[in-house]
Amino acid sequence: MDAFTLISRAQGSYVRAIDDGPIEDWPEHFAEDAFYKVTTADNHRRGLPAGLIWADNKAMLKDRISALKEANIYEPHVYRHLLGQPAILAESKSGATSETAFLVLRIAGNGPTDVFASGRYLDEYVFADGAALLKKRVVVCDSSRTDTLLVLPL
């Protein structure tokens, strides 16, 4: 299977885990030694390392989901991701890098649907057993402001 198809399938499954659940499946889209960061376009452009969310392995991602389910208190809401087609920037037999535009809508309880975030995924994938796993995902949000606590992953 080609890189575009592997990445497209992986991304579809990734956003489905966040949007429709079970959210516990979300970390399974990452390699064990994966890196995940959510940052702003300004911070990314300036090369600043801090992020709104920062994890340097899959265990940290699983802990985030555990805390989300058991410890955090937040207004009930869900996301709906809309993704552009991934642009494959480089590829080999063992992996690829890509960039994908995204738009995330947030639906609060039974309330309105609002634009929550827009931006791009900067990804490094590893290919194994006919699937693509995220080795690195940097979520670069277009805006430096979020209107609420970033609870669910992007």
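Just so you know, these numbers come straight off a predicted model, no measurement behind them.

Cut-offs applied
- Residues numbered from 1 in each chain as written.
- Predicted model: local features only at pLDDT ≥ 70, side-chain atom pairs only at ≥ 80, totals over all residues.
- Heavy atoms only, no water.
- Helix = DSSP H or I, 4+ residues; strand = E, 2+ residues; numbered from the N terminus.
- Rg over C-alpha atoms; globule rule 2.2 N^0.38 Å.
- Buried < 20%, exposed > 50% of the residue type's maximum accessible area, 1.4 Å probe, protein only.
- Contact = heavy atoms within 4.5 Å.
- Lys, Arg positive; Asp, Glu negative; His and termini not counted.
- Charge placed at Lys NZ, Arg CZ, Asp CG, Glu CD.
- Core = buried A, V, L, I, M, F, W, Y, C linked by side-chain atoms within 4.5 Å.
- Phe/Tyr/Trp six-rings, centres within 6.5 Å; stacked < 30°, edge-to-face > 60°.
- Lys NZ or Arg CZ within 6 Å of the ring centre and 35° of its normal.
- Polar contact = N/O pair within 3.5 Å; in protein donor to acceptor, adjacent residues only side chain to side chain.
- Expected span 1.5 Å × (residues − 1).
- Arc of directions from axis to C-beta.

S.K.: Kindly report on the overall build of the chain, identifying the contributing residues and their values.
M.R.: Within the chain, the regular secondary structure consists of 3 helices and 7 strands. Ordering the α and β elements of the chain from the N terminus gives α-β-α-β-α-β-β-β-β-β. Against the 2.2 N^0.38 benchmark of 15 Å for 154 residues, the chain shows a C-alpha radius of gyration of 15 Å, consistent with a compact globule. The dimensions of the chain, computed from C-alpha atoms along their principal axes, are 45 × 35 × 25 Å. Buried positions account for 40% of the 154 residues belonging to the chain. Counting contacts in the chain only where the partners sit at least 6 residues apart, residues at least 24 apart contribute 58% of the total. Each charge class in the chain can be summarised by its mean position, and for the 17 positive and 21 negative side chains these summaries are 3 Å apart.

S.K.: Please provide a residue-by-residue account of the nonpolar core, values included.
M.R.: Counting residues in each nonpolar core, the largest one holds 36 residues, and the members touching the most others are Tyr 14, Trp 26, Tyr 36 and Leu 154. Put simply, the parts of the chain that give this core at least two residues each are helix H1 (3-19), strand S1 (30-40), strand S2 (53-55), helix H3 (58-70), strand S5 (95-108), strand S6 (113-128) and strand S7 (131-141). In terms of residues, this core owes the most to one element, H1, which gives 8 residues. Non-local contacts of Leu 154, meaning those with residues more than four positions away in its chain, are made with Tyr 14, Ile 18, Tyr 36, Val 38, Tyr 79, His 81, Val 104, Phe 116, Ala 117, Tyr 121, Val 139 and Cys 141.

S.K.: Tell me what's going on with the packing of aromatic side chains, and back it up with residues and numbers.
M.R.: To describe a pair of aromatic rings, one takes the distance between the centres and the angle between the planes. The final tally for this structure, using the stated rule, is 9 aromatic pairs. Aromatic pair Tyr 14 and Tyr 121: ring centres 6.0 Å apart, planes at 70°, arrangement edge-to-face. Separated by 107 residues along the polypeptide, Tyr 14 in helix H1 and Tyr 121 in strand S6 bring together distant segments of the chain. Comparing Tyr 14 with Tyr 121 shows no difference in burial state: the two are buried. Here the aromatic rings of Phe 30 and Tyr 36 are separated by 5.7 Å at their centres, their planes lie at 85°, and the arrangement is edge-to-face. Grouping residues by exposure puts Phe 30 and Tyr 36 together as buried. The ring of Tyr 14 carries the charged tip of Arg 137 above its face, separated from the ring centre by 4.2 Å.

S.K.: Run through the environment of Tyr 14, naming residues and quoting values.
M.R.: Tyr 14 sits in the buried class, given a relative accessible area of 1%. Residues Tyr 14 and Leu 154, 140 residues apart in the sequence, show an inter-C-alpha distance of 9.6 Å. Here Tyr 14 is in contact with Trp 26, His 29, Phe 30, Tyr 36, Tyr 121, Leu 134, Arg 137 and Leu 154, once residues within four sequence places are set aside. For Tyr 14, the side chain forms a polar contact with the side chain of Trp 26, separated by 3.2 Å.

S.K.: With reference to specific residues and values, describe unusual backbone geometry.
M.R.: Gly 21 connects to Pro 22 through a cis peptide bond whose omega is 0°. With respect to the helices, strands and loops of the structure, Pro 22 is situated in the loop between H1 and S1.

S.K.: Just give me the short version of H3, but keep the residues and values in it.
M.R.: Across its 13 residues, H3 extends 18 Å between first and last C-alpha, which sits within 8% of the 18 Å expected from 1.5 Å per residue. Here H3 has its buried residues at Lys 58, Leu 61, Ile 65 and Leu 68. Buried residues of H3 fall within an arc of 80° about the axis and therefore sit on the same side. Along H3, exposed side chains directed more than 90 degrees from the buried face belong to Asp 63 and Glu 70. On its buried face, H3 sits against S1 and S2.

Spatial relationships are all this shows, so hold off on functional conclusions.
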